[in-house]
Amino acid sequence: MTRGTVGMPPSTHQAFDCDVVVVGGGPAGSAAATWLARAGHSVVLFEREQFPRFHIGESLLASVNDALVAIGAESLVRQAGFPQKRGATFVSSDGRIERYADFAAAPEVPTPQTWQVPRARFDELLLRHAASSGTQVHERHRVLDVSFDGTGVTVSVQSVDGRAALRAVRARAIIDASGRGALLSRKFALRVDEPRLANLAVFSHYSGVPRQEGRRAGDIRIVARDDLGWFWLIPISDDLMSVGVVLPRTAVQAYAALEHPAILERLIAETPAVSRLLAKARREWPVRIEKDFSFRSRAYAGDRWMLAGDAGSFLDPVFSTGVAIALESGLEAAQAMADGLATGDLSARRFARFARRQQRRYASFRRFVLGFYTPEFRDLFFAEEPPPRMFQALVTVFAGYWRPSVGTRTWVALFFLLVRLQRLVRFAPHLVSGHADVELNENTSS
């Protein structure tokens with residue numbers, strides 16, 4: 001990895017230092033840079049931190065496998081020895097109900113086994129892969145500003161320690177994968193917060209937490225709370241379990257006066273299924289808190305620029321979509337950029353299809369996330385006998401495949417119809433005569 005002063009001559013409007021500048025070395029930036037470099041384009045990536053750096057552990061979705069294959073990193077991840085994940089177990093607060101979402105049960109999930117990853121190690125693996133694929137990677141370099149003109153992009157960059165002089169790097173276009181720092185989103189005022197998802201996350205790492213048995217030993221457990229919050233338990237290594245809780249804004253006030261460790265301890269004690277699992281566990285990390293982390297963008301592309309990963313949007317982590325969206329959007333940005341470079345058209349119009357796909361993916365997952373914070377969604381999801389084909393359809397989306405077949409989308413639509421009917425019964429019982437039961441015929445054509 002290159003450190004210190006960027007070894008490039010001062011740029012001019014007549015010359016380009018590279019085809020594309022990528023800002024950010026997380027999964028989105030690494031995926032975009034890797035794909036472009038492997039396709040023969042010159043790419044320079046600037047990352048503010050020195051990897052490895054801390055990032056909360058992540059439970060990957062099965063759809064991540066497709067992106068890893070596309071950038072040539074699938075074997076690297078497989079050989080890294082991360083805990084294998086084959087699905088997710090959803091548990092009621094008291095532990096009496098378990099709903100196991102096995103990715104292999106969904107026929108439209110081609111590779112159902114995925115991974116639980118400590119992000120410091122996972123992200124470094126992808127960044128090193130980008131460098132070995134031909135990307136010029138510069139860690140500990142901060143992009144201070146970006147300016148655009150009719151022929152290219154000029155990026156002002158400086159080393160984090162400030163010892164090197166400010167440099168101007170000239171490129172044909174830029175992919176912003178700078179995470180929630182969102183370089184271009186701030187420049188163009190693109191961020192749109194999600195007031196309905198103004199949630200709080202409290203988390204740490206624990207040792208001594210019992211695992212599930214057999215092939216489910218590496219799976220994530222999601223434990224619902226009665227206040228519509230939820231816990232995650234992610235086995236990120238042989239010894240450590242990432243344990244965290246997300247609270248909706250309506251539930252946060254009750255814990256506002258407590259210190260961060262006390263908040264987590266109290267929430268664990270209040271959730272029987274979690275307190276039993278952590279009865280003999282030991283906290284190994286400081287308790288961390290994040291809040292107000294869900295947002296989208298007014299635009300995902302413009303003339304000579306695109307947003308990828310958290311630079312464009314991020315959703316509440318209940319369905320672990322963060323890295324999946326980052327890798328897929330980074331890959332899609334690279335492919336759209338390559339098409340633009342090939343045709344000489346790097347306009348917003350050329351990138352419109354990319355932008356629409358980001359909007360649609362976000363909207364698809366957002367519907368599930370908002371639903372999970374309602375009692376109607378949870379009541380139906382934790383029902384004793386959910387229709388098998390409907391549950392398979394839900395698992396397909398939980399695995400990351402947000403645009404499945406028409407049949408699967410039909411079953412998903414029926415599920416949300418039932419959620420709406422349940423809400424109608426709850427809030428307007430006078431509009432419903434009697435107690436109508438909605439029965440679904442498993443033989444219904446989809």
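Right above here is the structure, for reference.
These numbers come from a predicted model, not from an experiment. (Residues numbered from 1 in each chain as written. Predicted model: local features only at pLDDT ≥ 70, side-chain atom pairs only at ≥ 80, totals over all residues. Heavy atoms only, no water.)

Asks: I tried to follow the sheet that holds strand S7 (residues 114-117) on my own but got confused; where do I start?
Replies: Whether parallel or antiparallel, the strands of a sheet pair through hydrogen bonds between backbone atoms. Pairing is antiparallel in the open sheet, where three strands are placed in the order S3-S7-S4. The strands lining the two open edges of the sheet, one partner per strand, are strand S3 (58-59) and strand S4 (84-85). Two strands pair when backbone bridges link them, and S4 and S7 are joined in this way by two bridges, in the antiparallel orientation. For Lys-85, the partnering residue across the bridge sits in S7 and is Thr-114. (Pairing = 2+ DSSP bridges. Helix = DSSP H or I, 4+ residues; strand = E, 2+ residues; numbered from the N terminus.)

Asks: What am I meant to see in helix H9 (residues 322-343) here?
Replies: Quick reminder: α-helices carry 3.6 residues per turn. Residues three or four places apart thus point the same way. Between its first and last C-alpha atoms H9 spans 32 Å; for 22 residues at 1.5 Å apiece the expected length is 32 Å, and the two agree. Backbone geometry just downstream of H9 places Gly-344 in the positive-phi region, at approximately 75°. (Expected span 1.5 Å × (residues − 1).)

Asks: What am I meant to see in the environment of Arg-420 here?
Replies: Inspection of the secondary structure assignment puts Arg-420 in helix H13 (residues 406-427). Here the alpha-carbon distance between Arg-420 and Phe-377, two residues 43 residues apart in the chain, equals 8.8 Å.

Asks: Would you explain the side chain of Ser-242 in this entry?
Replies: With respect to the element layout, Ser-242 can be found in strand S16 (residues 240-247). One polar contact links Ser-242 to Trp-232, side chain to side chain, over a distance of 2.9 Å. The contacts of Ser-242, once residues within four sequence positions are left out, are Ile-56, Ser-204, His-205, Trp-232, Leu-233, Ile-234 and Ile-236. (Polar contact = N/O pair within 3.5 Å; in protein donor to acceptor, adjacent residues only side chain to side chain. Contact = heavy atoms within 4.5 Å.)

Asks: I tried to follow the packing of aromatic side chains on my own but got confused; where do I start?
Replies: We describe a pair of aromatic rings using the distance from one ring centre to the other and the angle between the two ring planes. In this structure the tally under the stated criterion is 23 aromatic pairs. Note on Phe-372 and Tyr-373: the rings are 6.2 Å apart at their centroids and 90° apart in plane angle, and the pair reads as edge-to-face. Pair check on accessibility: Phe-372 and Tyr-373 agree, each one buried. Ring centres of Phe-381 and Phe-391 lie 5.9 Å apart, and the angle between their planes is 40°; this geometry places the pair in the tilted category. (Phe/Tyr/Trp six-rings, centres within 6.5 Å; stacked < 30°, edge-to-face > 60°. Buried < 20%, exposed > 50% of the residue type's maximum accessible area, 1.4 Å probe, protein only.)

Limitation: the analysis is restricted to geometry and does not speak to function.
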